[in-house]
Amino acid sequence: FAAGAKTPPPAPLMSRSTVVQQPQQQQQQQGAGDGAGAAAPHGEGGAAAAAGSTASAGAGSGGTTPAAPATPPSPPVSTMHQGLAELDVHLLLDALIEVLCDANPSKARAAVDSLSVFVGTLLKITAAKKEWEQHAAAADGPAPMDVDKPAAAAADGLQQQTVAAGGLPASDAAATAGGGNSKTEAPGGGDKPGPATQHGLPTVLDDLLPRLLHCCWEDAWSSRLGGMAALKLLLHKLPADYLRCYGPKLLRALLAVVRWLPDHSTVELEEAQQTIAQLITKCYNKEQIPADVMAAAEEQVAKEKAEREAAEAAAAAAKQQEAAAGGKAEGGAVAEGGGSAAAAADQQKSKGEASSSAAKASSDVEKGTTAAEQSASSQSEKMDVDQRPAAGRAAEDAKKEAGSTQQQQTTGAAAAGADGKDASKAQDFAAAASEKDKDSKAAAADAAPQKPKTQFAAANAVARARASWASDVADVLLTVILSPSNSQRSRQAAISAVELLGQQLEVHVGVWLAPVMQSMSPPLIARRIIPVRSVPSVMGQVSALTWALTVDPALFVAGPEVVHVAKEAYALADKDEQILLQRLPGRNVSIETLTQLRVACIDLLNVLMAWEPFRTYPEPAEQLRDEITSSMFRALVSDNPAIYNAARRALERIMKVAKIPKNLLQNSLRPILQNLGDYRRLTLRLLHGLGRLLELLSDWFNLTLGERLIEHLKCWLDPDALLQSGPFHWKSGEEVAIAAAVLDLFWRLPKLAVKFLETPHVAPLPAGTAAPPQGLVVLTIQLEERLARMPAANSPLPRILTSDYRAPLLRFLKKYPVEGVNYFLEARRITRMDYFNTFTALLEMQDAAPLRAQLADSEDKLLSLLGVTPQQSQKADVGAGAKPGGDTGKPLTEGDQQPAASAAAPGATGSATTASPPTLASSTPNTKFGTQEAYGAVQLIELLIRWQPDWLPARPLLFDTLLEHWKATAALKRPMAKEALLPSSTLLEPYRLAGCILAYLSARHELVEPLLDLFLCLAHRTSVDMNLIPEYITSTVAKEYSVEHQQKLLRAWAQRFRAFCTSLPAISAAAISAGAPNIFTAGTCADAELVQCALLNQLVLPLLQAAQEAGKAAELLSSDMLDVFNTVFRLSDGHTAMFGEGLRICLLRLCVELIKSAKGSIGQSKPLRDVLIKFAWRHLKVPDESPCRHWAFLATVHLLPLSAPTRSSQQGEQQQQPARADSDSGQAPAAGTAAQPRDKHPGRPSGDARMVAQVWVSLLRVTQMEPRKGLMREILDSLVPTLVDKLGTRGEDGKVIWVRYAKKQVLDESGTLSNLLQLWQLVVRHPDVIYESRAQFMSQMINTLSRIGMPQQASLENRKLSLDLAGLLLAWEAKRRQTAGAAAPTAAATDGAATEQQAEGTWLCERA
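Just so you know, these numbers come straight off a predicted model, no measurement behind them.

Draft legend 1. Region of the structure containing the overall build of the protein. Helices and strands together make up the secondary structure of the protein, namely 67 helices and zero strands. In the protein, the proportion of contacts linking residues at least 24 apart, taken out of those at least 6 apart, comes to 76%. Total accessible area on the protein is roughly 67,900 Å²; 54% of this is exposed by carbon and sulfur atoms.

This is the structure:
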């Protein structure tokens, strides 16, 4: 295929001798060409040298030498190897096209992929062959002629000879540059090679593209879309020069696909438009225009400039000569006149020499052009002359005549002056010549209006050359645009394409449009619209005329034809769709089509009304213009959005170009305004149209209209009277919509309508005086109160949950945001819930951005509502150097933290000191704490923060005020029983304050004290969900805070915990004096302890867990931080007796998290390890029912593997409680000792193994584990590795120590069922650990299976455990047999105990 064969050769089995004959045939053909100069044959066996011989013979003999008889073409010779056959390329193309047109999208996509591979392979083969030929030519000289591509070689030889003779002919160059036909007549009488051959591409592409173009014209949708997809593929693969040869055909095909697309095919339409844009962008831009064409155009521009300068110089000389001749005529004396005439003659002679020199320079410029440039320039000039209309040529002829007359006048005056016979004779001649000049100018002026005064007629030669280069493509697009039979979609696609083409070439569309409009017969402006024979055709004609007028109005001349078109378009635009449907022919016309027709006519009238010739055209156009304006006002009231949007665009344009007369405006508005007198005649259509009218002409109305509308709205305040005052023009159920539409008119009134916002406060009026109009806010609130009594249009339920009045009120307030915000922030309104709820609901709406922005700028008013006076604000501004929240900006260390006494125990039970809220730079107490004004201000600030998170961090004074309110609110004790009686604004104030403070802290991570102050609200129980505080800790503090800020926060917490421990004796004494001597052990924790529990649970523990998950625990728990925690646990160990259960559990959990996060550091830190072990071991002595005992076990289990306790610590613990708990005792182990079973075997564990044994035995005796199964499971799982490590050795009886303890405590001593279940669950979770000691448990496991899973009341967990035990027994037996098979050779060497144990296990498994 890359060889360029046009017809595939036959497929015989060829021998190698046929290939050897090819050079002989080539020599014979070359000899025949040299003798006769025959044309190059186009068959498969032709030679390219024949074309060269023909050209040389024709050049030598003038082209008249008769041709000798040519050698008959030899049959095609196959170059395939022996045994191979060649496939006809057309078969492959037809198969691809058939699959491409398949209705199955998957097959069509496969065809596109195959086509991509096929074309890509062809291009690669062609490029490789060219590269090889170039390499061979460079290495061995000229390559021999290849018989596989005679046509391409002939074309190359022909092109080389033509260029050598002087370049391509003008017609051929234009055809090549413009992308003309693919085949033209060659000079020798044959056909030129195809575009593929000309551009060095495979000739099969010339067969492929026509097939794809034909697909786009098929009737089936699958064929059209497949053809479009294939063309889009080729646009990316083929070069632009080759695609330009098929440019017009490609555009026609793609536009044909767009034309017949249905309305719902939006995706296909976008794809087609993108393909058209890609074609124009790739193939038609100014960089691709041939250089010779642009050079000729630039030379033409230089020539025109020289001619223009010469003409200006001649005109200036003539004017000076005329002035000189007139001055001499006024002299009066003959002698003086003669002298003046001589001087004038000399001057004229000098001017004539200057003119002749300018003309000579112009001629020299003309002579300097090359032959090719002259031919291109003459061709462009010829095109320009042909494209000018007749009126334009007449005007230019008149100008030329005037110029010649002026030249004759100048020459005659100079001659008369030069003769010197009579000065009066010269003056008379000049006067006569000037009169003739005036006549010629008048004639030119009369002829000029007949020419379309296009602003692009004066385009230079460069623009004309660019336009001519792409004229064929522009003609295709303009034909689609101006043809009435095309669809609106194809027209819009063509308009977008031609605009893109103009942008690519930097040529205005009017340059292409002018000749096309001139060639139209009848002209587009003269074509009638009525009678309507076809609605789509009329719509296309109107759209084409509208576009042409928009592109270049100077192409048209105002006349009777324009008036007739405007009348007919007005007649169609002013009629309703139903009337048009009755009068227009055709039963298939839909309402949507008629609407599109009306919109097209309105757009045409829009363009005509803005056109200066039509706007100034005399009668009858003046009356027509008034009627058009009135119809646009009537169209504003239409229910169809397309109609009133088109009318609105037209009115906006009319008002921009000219002012509408007052009487015309009044007459147009009278039908609309006359129905506003009675509220019963209001309709939604009327009110919506009036709203659109007010948007256009708001300054034409006064405030009387607003007062009348308010009077109408007052009728809706009594729904019963309103519903009984019918009949109405609106439909039943539209009462609320009518009132909302009336409210929606106020924001369109003039700016003075802001007075309707507020009801004026006047003194009591005398009797008989009308009351002042109510404000819109008050009226809206009252209308919303009556919503439940209004009928609903779509639902029988009362319309109390939604309000149609707020959106209109919001639009009114958006127009006056300053006045609206100041109106609602007044103290007398913000304390009223109806006003405040309306204001907050408006601020929550999506479109309330102007109101929120104005509220954000009203910081001083919000501070005033919070109780901050202007004097305090000024003092705070002076001291603004200190950071808010009491932070000095220095890094917080353990030594310099001195928290206030009030922070130690705020709200503590019986506390003698009460936290007093601080003040802002003043000792004056804030009197607005707990007032409705403060509640409203906090709610507004919280609302602003949700919409603008960055607003509050830039206002530290406001943050300090909010922090004071928070501390004052946290100090209040509200019983939960009384919270149900509080209003929502009061009840939710802590929640909103916390949200505001957290929003500020999210941008200021260095402030840690305010974050700790947030936990003060947990000093008492409340029904308000304050979960936002722990969410902030886990999402922001744990993830976004730096390690330094987290450490700073933990140090601040440690200081507060130390202050809490210091104040515990005072709190305890106060509690005892109040009658609660044992408040901690009784479970009624103090408020201060609740705060510390919240800090541990929601701040410290989440920080440690997040650091461990993120791998930053070692960085967070540095040596300094471990010292801080050491201090915390030393303080806790000294005050444990005064702690409640909740605080003890929190501290034990902290101990566990510390061990998990910094196990290695704690193992190396002896002071911290000792204090943690002591603290955890102390809590193992609490009663069994205490929940902290399990957490103590967990902490101890994690601490045991670290290292063995010192001897001194063991002795101290033994001195504290030397008694040993035996196996019969049910008490918990004491500090330093645990229950140790009596064992008849010697070799008891000692040291750290003894502590592990004590913990293990104590855990086996735990019975209160039902609520804490998960915790016990974690404890046992964590202890198993320690048991194996410390107690994994065998005693003298050959049994593992910890297994023997377990069997004795649970099985031999009749443990409870709960202990037994706990042991079996441990065995199931760790089968490999128990495997070696399985014989001690297997009999008991089998015996307890029926007790665990067989009873009917057994739980699902117990039944699952029984199945797990049975499966475990079978797994153990399978493992034993596998191990025994592997160790069979050494089985005889086993001792008796192992053999007995193995036999026992086998018997038990068989029994199970």
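Draft legend 2. Inspection of the nonpolar core at higher detail. Counting 355 residues, the largest nonpolar core has Trp1053, Leu1150, Trp1256 and Trp1320 as its most contacted members. For this core, the element with the highest residue contribution is helix 52 (residues 1087-1110), accounting for 13 residues.

Draft legend 3. Inspection of the environment of Arg1130 at higher detail. Structurally, Arg1130 can be placed in helix 54 (residues 1119-1134). Assessed through its relative accessible area of 49%, Arg1130 is described here as partly exposed. In this structure the C-alpha to C-alpha distance between Arg1130 and Val1171, which are 41 residues apart in sequence, comes to 6.7 Å. Ignoring any residue separated from it by four or fewer positions in sequence, one finds Arg1130 in contact with Pro1167 and Val1171.

Draft legend 4. Geometry of the pattern of salt bridges. Inspection of the entire model under this criterion finds 41 salt bridges. Note that Glu758 and Arg829 form a salt bridge whose closest N and O atoms lie 2.8 Å from each other. Of the two residues, Glu758 is situated in the loop between helix 34 (735-743) and helix 35 (776-785) and Arg829 in helix 38 (residues 827-830); the sequence distance between them amounts to 71 residues. Classification of Glu758 by relative accessible area gives partly exposed; the value is 29%. Residue Arg829 is classed as buried on the basis of its relative accessible area of 4%. In this structure, the salt-bridge partner of Arg806 is Glu784, at a minimum N-O distance of 2.8 Å. One end of the pair, Arg806, is in helix 36 (residues 806-815); the other, Glu784, is in helix 35, and 22 residues separate them in sequence. One salt-bridge network, in which partners are shared between bridges, spans Arg648, Glu652, Glu695, Asp744, Arg748 and Arg811.

Draft legend 5. How the structure looks around the packing of helix 13 (residues 266-283) against helix 21 (residues 488-505). Packing of helix 13 against helix 21 brings their axes to within 10 Å, and their N-to-C directions diverge by 25°. Judged by the angle between their axes, helix 13 and helix 21 are roughly parallel. The element helix 13 and its partner helix 21 pack so that their crossing is right-handed. Along the contact surface, helix 13 presents Thr266, Leu269, Gln273, Ile276, Ala277, Ile280 and Thr281, while helix 21 presents Arg489, Ala493, Ala497, Leu500, Leu501 and Gln504. Per-class residue counts for the contact of helix 13 with helix 21 are eight nonpolar, four polar and one charged.

Draft legend 6. The packing of helix 63 (residues 1313-1325) against helix 66 (residues 1356-1382), seen in detail. Two elements in contact, helix 63 and helix 66, have axes separated by 10 Å at closest approach and are oriented at 45°. One finds that helix 63 runs oblique with respect to helix 66. Of the two possible hands of crossing, helix 63 and helix 66 adopt the one that is left-handed. Of the residues in helix 66, those touching helix 63 at Leu1317, Trp1320, Gln1321, Val1323 and Val1324 are Glu1357, Asn1358, Leu1361, Asp1364, Leu1365, Leu1368 and Trp1372.

Draft legend 7. Representation of the state of the cysteines within the structure. Within the structure shown, the criterion is met by zero disulfides. Free cysteine Cys245: the closest other cysteine sulfur is in Cys283, separated by 9.6 Å.

Draft legend 8. Highlighting the packing of aromatic side chains. Inspection of every chain in the model, using the stated rule, returns 19 aromatic pairs. Arranged with centres 6.3 Å apart and planes meeting at 55°, the rings of Tyr823 and Tyr835 form a pair that is tilted. With Tyr823 in helix 37 (residues 817-824) and Tyr835 in helix 39 (residues 833-843), this pair connects stretches of sequence that are 12 residues apart. One exposure class covers both Tyr823 and Tyr835, and it is buried. Relative to Tyr1000, the ring of Phe959 lies with its centre 3.8 Å away and its plane at 10°, an arrangement referred to as stacked. On the criterion of sequence distance, the pair formed by Phe959 in helix 44 (residues 956-970) and Tyr1000 in helix 47 (residues 989-1001) is long-range, its members being 41 residues apart. For the residue pair Phe959 and Tyr1000, the accessibility class agrees, reading buried in each case.

Draft legend 9. Summary view of the side chain of His1179. Structurally, the position occupied by His1179 is in the loop between helix 57 (1166-1178) and helix 58 (1188-1199). By relative accessible area, which is 2% here, His1179 ends up buried. Reaching out from His1179, the side chain makes a polar contact with the backbone oxygen of Phe1175 at a distance of 2.8 Å. Residues in contact with His1179, not counting those within four places in the same chain, are Thr1136, Arg1144, Leu1148, Cys1188, Arg1189 and Ala1192.

Draft legend 10. The arrangement of the side chain of Ser223 in detail. Tracing the backbone shows Ser223 in helix 10 (residues 221-237). Looking at Ser223, the relative accessible area reads 7%, which means it is buried. Not counting chain neighbours up to four residues away, the residues in contact with Ser223 comprise Cys101, Cys215 and Glu218.

Draft legend 11. Expanded view of unusual backbone geometry. Omega for the peptide link from Ser521 to Pro522 comes to -5°, which places this bond in the cis form. Structurally, Pro522 is set in the loop between helix 22 (509-519) and helix 23 (535-551). A cis amide bond, omega 5°, links Glu619 with the succeeding residue Pro620. Mapped onto the secondary structure, Pro620 falls in the loop between helix 27 (612-615) and helix 28 (621-635). Positive phi, normally seen in glycine, also occurs at Glu506, with a value near 60°.

Draft legend 12. Spatial organisation of helix 66. Here helix 66 spans 39 Å end to end across 27 residues, near enough to the 39 Å set by a 1.5 Å rise per residue. Within helix 66, the full set of buried residues consists of Asn1358, Leu1361, Ser1362, Leu1365, Leu1368, Leu1369, Trp1372, Glu1373 and Arg1376.

About the cut-offs
- Residues numbered from 1 in each chain as written.
- Predicted model: local features only at pLDDT ≥ 70, side-chain atom pairs only at ≥ 80, totals over all residues.
- Heavy atoms only, no water.
- Helix = DSSP H or I, 4+ residues; strand = E, 2+ residues; numbered from the N terminus.
- Contact = heavy atoms within 4.5 Å.
- Areas by Shrake-Rupley, 256 points an atom, 1.4 Å probe, with all protein chains shown as cover.
- Core = buried A, V, L, I, M, F, W, Y, C linked by side-chain atoms within 4.5 Å.
- Buried < 20%, exposed > 50% of the residue type's maximum accessible area, 1.4 Å probe, protein only.
- Salt bridge = Lys/Arg side-chain N within 4 Å of Asp/Glu carboxyl O.
- Axes fitted to C-alpha atoms, helices over the stretch in contact; angles between N-to-C directions.
- Parallel < 35°, antiparallel > 145°, perpendicular 65-115°, else oblique.
- Left-handed = near helix turned anticlockwise from the far one by under 90°.
- Nonpolar A, V, L, I, M, F, W, Y, C, P; charged D, E, K, R; others polar.
- Disulfide = S-S within 2.5 Å.
- Phe/Tyr/Trp six-rings, centres within 6.5 Å; stacked < 30°, edge-to-face > 60°.
- Polar contact = N/O pair within 3.5 Å; in protein donor to acceptor, adjacent residues only side chain to side chain.
- Expected span 1.5 Å × (residues − 1).

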